[in-house]
Amino acid sequence: MASGPNGGGNGGSAGGGLMKNMSLLRLQYYCVLGAVAGAVLFATLRYMPAAGSGAALSTTSALATAAAPAGAGSGAGEHRKIKGTAPAPAKAAAKVVTKPKEVVVFNFGDSNSDTGGVAAIMGIRIAAPEGRAFFHHPTGRLSDGRVVLDFICETLNTHHLSPYMKPLGSDYSNGVNFAIAGATATPGDTPFSLDVQIDQFIFYRDRCNDSITRDEPAPLNMLDFERALYTMDIGQNDITSILYLPYDEVLAKLPHFVAEIRKAIEILHKNGARKFWIHGTGALGCLPAKLAMPRASDGDLDEHGCIAKFNNAAKKFNTLLSEACDDLRLLLKKSSIIFVDMFAIKYDLVANHTKHGIEKPLMTCCGHGGPPYNYDPKRSCMGDSKDLCKLGDKFISWDGVHFTDAANSIVASMAISGEYSVPRMKLTSLVKPAKSKAS
């Protein structure tokens, strides 16, 4: 209906007739509206479903149903609630359970067991030909393939350990690798020395525990930390950094390096560790990087062409570390502490190289300069114009310091055999391998 007169300027008589007509129209409007309301009421009473049919819901209950999360309740459930039936109790949130893993490994060390940590942390782009022999692309390992730790994981039927700080593609369901290339046992000498790696482990363990306490997913549970294998391969950088000193001064510093490793083992034990696999250092006097250094004469070389002074320092370090493990074995009850003589293993590759199918035991596979050592400290293996051995040729040294995939395979097989460990124990006797996926 119009809200105002049409043509109000025609005068009062015209306005009076219009108001009369408007009154009649208003009366007709109310009559029609009343009839419609009556019809709606009749239809509602006539066609209302029988009680209990559940088809009719109040506006309030319909809105509640629409607002409820999926699975929280149905229309029928809301109808029962309106009738006065007690609602079914809400199901408690399912508790997150992290199942124990078959094999868990935590590793601490330097470049001998770094699986990509230094590349991830420092943003170092390690380029080809690194990784060419096994992965067929660079992985952050300072080798043409795997490191000894990788072979340990393979022996235990678990995947290779992910570096602690690798942002992409990491899988910590079987442990963590805290090793960083360049790391030392001595605190403060490098950013990620052994004490820092131990702190990182404790932080990781605490965060797992926090997640479990809050019923949130965690890669490992607390039982995994107790049953895990704790491997350690560190000390080489500490020793090589002092080899320029007189021999007696070198020997005087070795106990301090060993004390730091011992301290790390004790801290790990306080945090639940019970199975330790500790590597000694290798034959440092046989590394091409050391042999290529200028020297007055060859008088200090042994019968296999290695620097005797450097090897003697390595052997002394291993003796001290083995003794420390003996002491800890008595002190830390219900623990297994295995020391592996890496010097004896790695020196055997040189002394008996023909037995292992190695033709040039003191020469670098990827280096510069050609024979006898193919090593130039001023030029990188990843640089141009390198002298690179043929793929498939067996070399011990990859870049003058680190081992090839082939050499690490031999070293690992000897290490896990138990023949070079104190006490004598195979790795698979200390840790039961996971069930093969094929079985």
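Naming follows an unreviewed UniProt entry, where the protein chain appears as GDSL esterase/lipase of Aegilops tauschii subsp. strangulata. Under the UniProt heading Sequence similarities (unreviewed entry), the entry covering the protein chain gives this text: "Belongs to the 'GDSL' lipolytic enzyme family."

Our focus in this paragraph is the overall build of the protein chain. Helix and strand content of the protein chain: 14 helices and eight strands. Expressed as a percentage of the 439 residues in the protein chain, the buried residues total 43%. By sequence separation, contacts in the protein chain at least 24 residues apart represent 69% of the contacts at least 6 residues apart. In the form shown here, the protein chain has an accessible surface area of approximately 23,000 Å², with 58% of it arising from carbon and sulfur atoms.

Our next topic: the packing of aromatic side chains. Scanning the entire structure with this criterion turns up 15 aromatic pairs. With 6.2 Å between their ring centres and 85° between their planes, Phe178 and Phe201 make a pair best called edge-to-face. You can see Phe178 sitting in the loop between strand 2 (175–177) and helix 6 (194–213) and its partner Phe201 sitting in helix 6, a full 23 residues away along the chain. By relative accessible area, which is 1% here, Phe178 ends up buried. Here Phe201 falls in the buried class, since its relative accessible area comes to 0%. Through pairs of rings, three or more aromatic residues link up here, namely Phe106, Phe108, Tyr164, Tyr172, Phe178, Phe201, Tyr204, Phe225, Tyr230 and Phe276. It is Arg205 that lies over the ring of Phe225; its NZ or CZ is 6.0 Å from the centre.

We now examine helix 12 (residues 342–351). Among the 10 residues in helix 12, eight count as buried, and that is most of the element. Residues Met342, Phe343, Ile345, Lys346, Tyr347, Asp348, Leu349 and Val350 constitute the buried set of helix 12. Residues of helix 12 that are buried in the fold lie against helix 5 (148–155), strand 4 (275–279), helix 11 (308–331), strand 5 (336–340) and helix 13 (405–415). Taking the backbone nitrogen of Phe343 as reference, a side-chain oxygen 3.2 Å away marks Asp341 as the first, capping residue of helix 12.

Judged by nonpolar contacts, the single largest core of 96 residues is most densely connected at Phe106, Phe108, Tyr230 and Met232. Of the residues forming this core, the biggest block, nine residues, is contributed by helix 11. Look past the residues within four positions of Phe106 in its chain and what remains in contact with it is Gly175, Val176, Phe178, Phe201, Tyr204, Leu220, Phe225, Ala228, Leu229, Tyr230 and Thr231. Grouped together as the second largest cluster of nonpolar side chains are seven residues, Met363, Cys365, Cys381 and Phe395 included.

The strand order across the open sheet formed by six strands is 2-1-3-4-5-8, and the pairing between neighbours is mixed. Edge positions in the sheet fall to strand 2 and strand 8 (421–422), since each of these pairs with one other strand and no more. Relative to strand 2, strand 1 (residues 105–109) runs parallel, the two being bridged by three bridges. Across the sheet, Val105 pairs through a bridge with Gly175, a residue of strand 2. Each of strand 1, strand 2 and strand 3 (229–233) is contacted by helix 6, which is oriented at about 155° to strand 1, the strand it contacts most.

This part is about the pairing of strand 1. Among the five residues that make up strand 1, five are buried, leaving the element largely enclosed by the rest of the structure. By the alternation rule, side chains of strand 1 split into Val105, Asn107 and Gly109 and Phe106 and Phe108, which are all buried. Note: strand 1 against strand 3, five bridges, orientation parallel. Opposite Val105, over in strand 3, you have Leu229 as the bridge partner.

A few words on empty space enclosed by the protein. For the coordinates displayed, the defined rule picks out three cavities of 30 Å³ or more. Here the largest cavity defines a volume of roughly 120 Å³. Lining the largest cavity are 15 residues, with Ala283, Cys286, Leu287, Lys346 and Phe403 sitting closest to its centre. For the lining of the largest cavity, the per-class residue count stands at 10 nonpolar, four polar and one charged. Within this model, the second largest cavity holds a volume of roughly 70 Å³.

Moving on, we get to the state of the cysteines. Counted according to the given criterion, the structure contains three disulfides. Covalently, Cys286 is tied to Cys306 through a disulfide, its sulfur atoms 2.0 Å apart. Here Cys286 and Cys306 share a disulfide; its torsion about the S-S bond, 110°, makes the bridge right-handed. Of this pair, Cys286 sits in the loop between strand 4 and helix 10 (288–291) while Cys306 sits in the loop between helix 10 and helix 11; the two residues are 20 residues apart in sequence, bridging distant segments of the chain. Residue Cys286 is classed as buried on the basis of its relative accessible area, which comes to 6%. Disulfide pairing places Cys365 opposite Cys389 at an S-S distance of 1.9 Å. One disulfide, between Cys365 and Cys389, carries an S-S torsion of -65° and so falls in the left-handed class. With Cys365 in the loop between helix 12 and strand 6 (366–367) and Cys389 in the loop between strand 7 (387–388) and helix 13, this pair connects stretches of sequence that are 24 residues apart. Given a relative accessible area of 2%, Cys365 falls into the buried group. Owing to a relative accessible area of 11%, Cys389 belongs among the buried residues under this scheme. Within the protein chain, bonded cysteines paired by disulfides and numbered along the sequence follow the pattern 1-2, 3-6, 4-5.

Rules of the game
- Residues numbered from 1 in each chain as written.
- Predicted model: local features only at pLDDT ≥ 70, side-chain atom pairs only at ≥ 80, totals over all residues.
- Heavy atoms only, no water.
- UniProt positions renumbered as here; feature names shortened; annotations may be inferred.
- Helix = DSSP H or I, 4+ residues; strand = E, 2+ residues; numbered from the N terminus.
- Buried < 20%, exposed > 50% of the residue type's maximum accessible area, 1.4 Å probe, protein only.
- Contact = heavy atoms within 4.5 Å.
- Areas by Shrake-Rupley, 256 points an atom, 1.4 Å probe, with all protein chains shown as cover.
- Phe/Tyr/Trp six-rings, centres within 6.5 Å; stacked < 30°, edge-to-face > 60°.
- Lys NZ or Arg CZ within 6 Å of the ring centre and 35° of its normal.
- Polar contact = N/O pair within 3.5 Å; in protein donor to acceptor, adjacent residues only side chain to side chain.
- Core = buried A, V, L, I, M, F, W, Y, C linked by side-chain atoms within 4.5 Å.
- Pairing = 2+ DSSP bridges.
- Axes fitted to C-alpha atoms, helices over the stretch in contact; angles between N-to-C directions.
- 1 Å grid on protein atoms, 1.4 Å probe; cavity = no way out; pocket = protein on both sides within 12 Å on 5 of 7 lines; lining within 4 Å.
- Points joined across faces, edges and corners; volume = space filled by probe spheres on them.
- Nonpolar A, V, L, I, M, F, W, Y, C, P; charged D, E, K, R; others polar.
- Disulfide = S-S within 2.5 Å.

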